[in-house]
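# Close look at the chain arrangement
If you want the building blocks of each chain, they are given just below.
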Amino acid sequence: MFRKTYISLWLLLSVALCAVLLVAFSDDITIGGKTLKKAPVADFFNGGASALDSLATSDSLMIAEELEETVTTDSLPQSLFIFGDSMTYNLALRLAQYARQNGHTIHSVNWDSSNTKIWAEHDTLRYYLEKYRPTQVFIALGSNELYITKPETRLPYIKKILEVIDTIPYVWIGPPNWKEDGGINDLLARTCRPGTFFRSAGMEFKRKADKVHPTRESSADWVDSIIRWIPSSAHPFIAEVPGDSIKKTNPNIVFLKALNK
């Protein structure tokens, strides 16, 4: 008897709830000139989705911000290493001044007429990386590949160089275009890790008599531009502008003889 009464009560409550929901989601009901005022059930449900969507979006943004890698400036003294083609020497001279100003060390290798193919096919890079143990590498390659119309043929060499560098932070300094390139800059930009390629194309340079190599003074300005970009790179480090007292500084450079391309 008690069980039947209990079931009947639940059925009655269910019917009542259905009636309330029906009225809540229906248009206004008028009886005898009186309009029934509906409870804000429909508003709750209709607004609930928006509220939940808003909450979900907010949470997603918070999670994304938390997951986003925070790049901090490396405040430790660095062991800088710059290598590449004949553009390297003048770049190294100015970079050496930054090294002295900020307590870093520097070593350089200038290989005239070299390109990504030459560096990738020889163990020279691996040798000097093991010798100097740098914490920051600068690559000055691409100028001798400006004329290549099928730059994708250089992709295996670029990847090989980056493979040898491995996990060492690096900056690939794009060539100082003196003419429109065949796509080498775009290839480098696509291949290098985000925040590691500095595009030099489009910059203004004063050049030597060959109309190719930037002058020493212009190369110094070039390095200054790179250093100003460093805070937004993948691995920023302390690099304050050298004081006026820092003049000629030894970049510890090694010169290698040119090989056939």
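In the block above lies the structure referred to throughout.
Report follows, based on the coordinates. The model shown is predicted, which means the values in this text are computed figures rather than measured ones. Residue positions within a chain follow its written sequence, with the count starting from 1. Selection of residues for local features in this predicted model requires a pLDDT of at least 70, selection of side-chain atom pairs for listing and counting requires 80 or more, and totals for whole chains, interfaces and linings are taken over all residues. Derived side-chain values reflect all non-hydrogen atoms in the structure, with water molecules and hydrogen atoms excluded from consideration.

### Things to note about the overall build of the chain
- Looking only at helices and strands, the chain has 8 helices and 8 strands in total.
- Note on exposure labels: buried denotes an accessible area under 20% of the residue type's maximum, exposed denotes more than 50%, and partly exposed covers the range between, all computed with a 1.4 Å probe on protein chains only. When burial is assessed residue by residue, the chain has 40% of its 261 residues classed as buried.
- Note on contacts: a residue pair is in contact if any heavy atoms of the two residues lie within 4.5 Å. For the chain, contacts bridging at least 24 residues in sequence account for 78% of all contacts bridging at least 6.
- Note that accessible areas follow from Shrake-Rupley with a 1.4 Å probe, and for residues the cover is restricted to the protein chains shown. Only carbon and sulfur atoms are counted for the fraction: they give 57% of the accessible area of the chain, which is about 15,900 Å². A helix here means a DSSP run of H or I that spans at least four residues, while a strand means a run of E at least two residues long, and both kinds are numbered starting from the N terminus.

### Some details on the packing of helix 3 (residues 88-102) against helix 8 (residues 216-229)
- Direction vectors running N to C along helix 3 and helix 8 enclose 55°, while the axes themselves pass 8 Å from each other. As judged from the angle between their axes, helix 3 and helix 8 are oblique. Note that helix 3 runs across helix 8; the crossing there is right-handed. Only Arg216, Ser219, Ala220, Trp222, Val223, Asp224 and Ile227 of helix 8 make contact with helix 3, whose side of the interface consists of Tyr89, Asn90, Leu91, Leu93, Arg94, Leu95 and Tyr98.
- Residue composition of the contact of helix 3 with helix 8, grouped by class: 9 nonpolar, 2 polar and 3 charged. Lines are fitted to the C-alpha atoms to define the axes, a helix being fitted only along its stretch in contact, and any angle between axes, read from their N-to-C directions, falls within 0 to 180 degrees. Roughly parallel means an angle under 35 degrees; roughly antiparallel, over 145; roughly perpendicular, 65 to 115; everything else is oblique. Rotating anticlockwise by less than a right angle from the far helix to the near helix defines a left-handed crossing, while the corresponding clockwise rotation defines a right-handed one. Polar here means any residue other than Ala, Val, Leu, Ile, Met, Phe, Trp, Tyr, Cys and Pro, which are nonpolar, and Asp, Glu, Lys and Arg, which are charged; Gly is therefore polar.

### A closer look at unusual backbone geometry
- Backbone geometry places aspartate 166, a non-glycine residue, at a positive phi of 60°.
- For aspartate 166, the location among the structural elements is in the loop between helix 6 (155-165) and strand 6 (170-173).
- Its identity is not glycine, yet asparagine 252 carries a phi of approximately 50°, on the positive side.
- Looking at where asparagine 252 falls in the secondary structure, it is placed in the loop between helix 8 and strand 8 (253-256).

### Points about the sheet that holds strand 8
- Here, a strand pair is defined by DSSP locating no fewer than two bridges between the strands. Read across the open sheet, the 6 strands follow the order 7-6-5-3-4-8; overall the sheet is parallel. The open sheet has two free edges, formed respectively by strand 7 (197-198) and strand 8, since each of these has just one partner strand.
- Taken together, the 3 bridges between strand 5 (residues 136-140) and strand 6 define a ladder with parallel strand orientation. When the sheet's bridge partners are listed, phenylalanine 138 is paired in strand 6 with valine 171.

### So, the layout of surface pockets
- If you add up the space inside the largest pocket, you get close to 200 Å³.
- Here a cavity denotes grid points, spaced 1 Å and computed from the protein atoms alone, that fit a 1.4 Å probe unable to get out, and a pocket denotes an open set having protein on both sides within 12 Å along at least 5 of 7 lines; residues with an atom within 4 Å of a point are the lining. Taken together, Tyr89, Asn90, Leu93, Arg94, Gln97, Arg216, Glu217, Ala220, Lys247, Lys248 and Thr249 make up the full set of residues lining the largest pocket.
- Put simply, the parts of the chain that give the lining of the largest pocket at least two residues each are helix 3 and helix 8.
- Tallying contributions element by element places helix 3 first for the lining of the largest pocket, with 5 residues.
- Looking at side-chain class alone, the lining of the largest pocket contains 3 nonpolar, 3 polar and 5 charged residues. Grid points are joined across faces, edges and corners, and a volume is the space filled by probe spheres set on the points.

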